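Fold and contact review
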Amino acid sequence: MKFRSLLVWAFVPTLFFSCNQVENSTGDHPIFEDTPSGFLEKQYEFPYPDQHYHWYELGRKLFYDPVLSLDSTISCASCHKIDLAFSDDSDLSKGIQGKLGRRNSPPLFNLSYSPSYMRDGGIIHLETMPIAPISDSLEMGITMAQVNLKLNSHAYYRSRFSELTGKDTITDRDLLLALAAFQSKLNSFNSAFDSIQTGKQTWRNESQRLGFEVFKIKCSSCHSLPLFTDHTFAFNGYFVSDQGRALVTQKPEDINRFKVPSLRNISLSAPYMTDGSLGDLDAVLTHYQSLANKEIVNLDPRLKSMSLSNEEVFQLKEFLTTLTDYRLTRNPYYSKPDYPFKK
Amino acid sequence: MLVISACHKHDVDDDHNNTKGSVTLKMDHQFLTQSFRADSVTIYTLPNGESLKFTQFKYYISNIQLKAKNGTWWAQPESYHIVDAGKTAPVIVISDAPTGEYTDIKFNFGVDSTRNVSGAQEGALSPSNDMFWSWNSGYIFIKSEGSCEQIADDNKTFIHHVGGFRPENSAVREMTFNFGQDLRARPDGAPSVHMHIQVDKMYQNTVHPINVKDMVRLHMPGENALKLADNIANMFVLDHIHN
């Protein structure tokens, strides 16, 4: 992995420079990235664009800091790992005291383009999203009031937030803004597929190209471009013991419906499905193949005529590898901040 | 330094031409003829015979407006308040009412839809007040919790969390009260509005009579929350004012 280490080292001087000389930080920081053409309208914009860099760096530090959990053992990054496109390789992630969560950790990227969060879409704003994992007894297990106390007794965070807000104390909103400043910039639109689309690169083999053709016909009505999800809620025929979208709407027809996940970085975010019960893409595609012979009540109509040959499955898998974005997983600006920790 | 100095907010809304006065809303909670406090100990008996103890009874009052004698309404800015009937003599202090004479007061039970969908909030709307549904976004407009002797389940507890901001299940209820005389807000006076909140009407002698033992848990917006919201709007009575 010589290329990888070279890439990382190339960024390091810039990183240190940016931390100390903020006003001069260069345009390669994620906060300066523009929405690529063809992407949807943003659902979230950080409210203080002039201060975004500072809030981002604070949010990034907090994302990797277990201070946000009751016993200071679990950080956001414990279940959202950068090299897995901010997902987890466990079916269910462990929270405090080894407690298992209820659902598979979803990957985190392109969040500012999403109209809702969580697999059932129950959360409707990026800023209020972290309240759920922070206060869930199975995850970080701490009340927002307790987090406030912890942060306000933390000299480093207190002084950093104070510089930004002009206030003596840190509020919930300050914490949530910082996390939103960081998470809203976890962008992923630099995969091989994106380069192929813009003509900077070509398909590595014919199977990839044919896989894209299969995808367009058989997958793209739910996993629509450019985000590879249309953000709708659908029952894909795979039963899990989870009410899904019905937990939010209380409508019986929404039982078992979940948000269509993006296929970007799909090769990194195994295991799959809401409960993480399918270990690899072969198992997922085998499930979709199996739909052809079954009559399943409430199956999403877009899946009713689904049929996939083994050849098509092979091609799809080849195509899906092109959706991995190493600018997400190896971006030093997204990684755990490694500058000296000030107390 | 440039960036940091740009962060500080400047208060620009000081208007020295108008004076302001403070108006206090005294929230006097009652249960039938008893004075009410969610103190976990006192037993309150509903007309249907159910006996209740309350560990928690707190709710949002928001968007307070005062009607001036000339018919115009003054709206309190950033008007979100939690009334906690677990505390002794809860009040809402409107510290910024423009000097003047007022005939009516209007406020909402609950939190308007805008603030439910606008991201992280502060003050009374801060999530650390524990009045927010984290997994199904939205404010909990009221938490009424305690135990009821008539509940079949061994632990006897009930939890009623009412909320809902979407049009089809909005639990926001607007209430308007006439003072019967003029209320005079002024810098050198402390007028007060005495509200009676008849807690029993959340369940009985009300729009939708509800047996607590038949609705042990309520955690989300919907049909039952709408019924309780109608009942809650029935709890508030303006008793009298002092100038």
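Given the structure is predicted, the values throughout are model-derived calculations rather than measurements. (Residues numbered from 1 in each chain as written. Chains lettered and ligands numbered in written order. Predicted model: local features only at pLDDT ≥ 70, side-chain atom pairs only at ≥ 80, totals over all residues. Heavy atoms only, no water.)

Interface size, as often reported, equals the accessible area lost upon joining of the parts. On the side of chain A, 33 residues touch chain B, which itself brings 26 residues to the contact. Carbon and sulfur atoms supply 58% of the area buried between chain B and chain A, which totals about 2,400 Å² over both sides. Between the two partners, chain B and chain A, sit one salt bridge. Between Lys167 of chain A and Glu122 of chain B there is a salt bridge; the shortest N-O distance is 3.1 Å. Applying the counting rule to chain B against chain A returns eleven residue pairs in polar contact (both at pLDDT 80 or more). (Contact = heavy atoms within 4.5 Å. Buried area = accessible area lost by both parts, 1.4 Å probe. Salt bridge = Lys/Arg side-chain N within 4 Å of Asp/Glu carboxyl O. Polar contact = N/O pair within 3.5 Å; in protein donor to acceptor, adjacent residues only side chain to side chain.)

Within the secondary structure layout, Thr128 of chain A lies in the loop between helix H3 (76–79) and helix H4 (131–135). Classification of Thr128 of chain A as buried rests on a relative accessible area of 5%. Along the primary structure Thr128 of chain A and Pro47 of chain A are separated by 81 residues, whereas in three dimensions their C-alpha atoms are 14 Å apart. Apart from the residues lying within four places of it in its own chain, the contact partners of Thr128 of chain A are Ile123 of chain A together with Gly119, Ala120, Phe132 and Ser137 of chain B. (Helix = DSSP H or I, 4+ residues; strand = E, 2+ residues; numbered from the N terminus. Buried < 20%, exposed > 50% of the residue type's maximum accessible area, 1.4 Å probe, protein only.)

Counted according to the given criterion, the structure contains 38 aromatic pairs over all chains. Centroid distance Phe31 of chain B to Tyr44 of chain B: 5.1 Å. Interplanar angle 40°. Geometry classified as tilted. In this pair, Phe31 of chain B sits in strand S1 (residues 20–31) while Tyr44 of chain B sits in strand S3 (residues 44–45), placing the two residues 13 residues apart along the sequence. Among the aromatic residues, ring-to-ring pairing joins Phe31, Phe36, Tyr44, Phe54, Phe57, Tyr59, Phe107, Phe158, Phe177 and Phe236 of chain B into one connected group. A cation over a ring is seen here: Arg245 of chain A above Phe233 of chain A, with NZ or CZ 4.0 Å from the ring centre. Sitting over the face of the ring of Trp73 of chain B, Lys106 of chain B holds its NZ or CZ atom 4.3 Å from the ring centroid. (Phe/Tyr/Trp six-rings, centres within 6.5 Å; stacked < 30°, edge-to-face > 60°. Lys NZ or Arg CZ within 6 Å of the ring centre and 35° of its normal.)

Geometry only, nothing functional implied.
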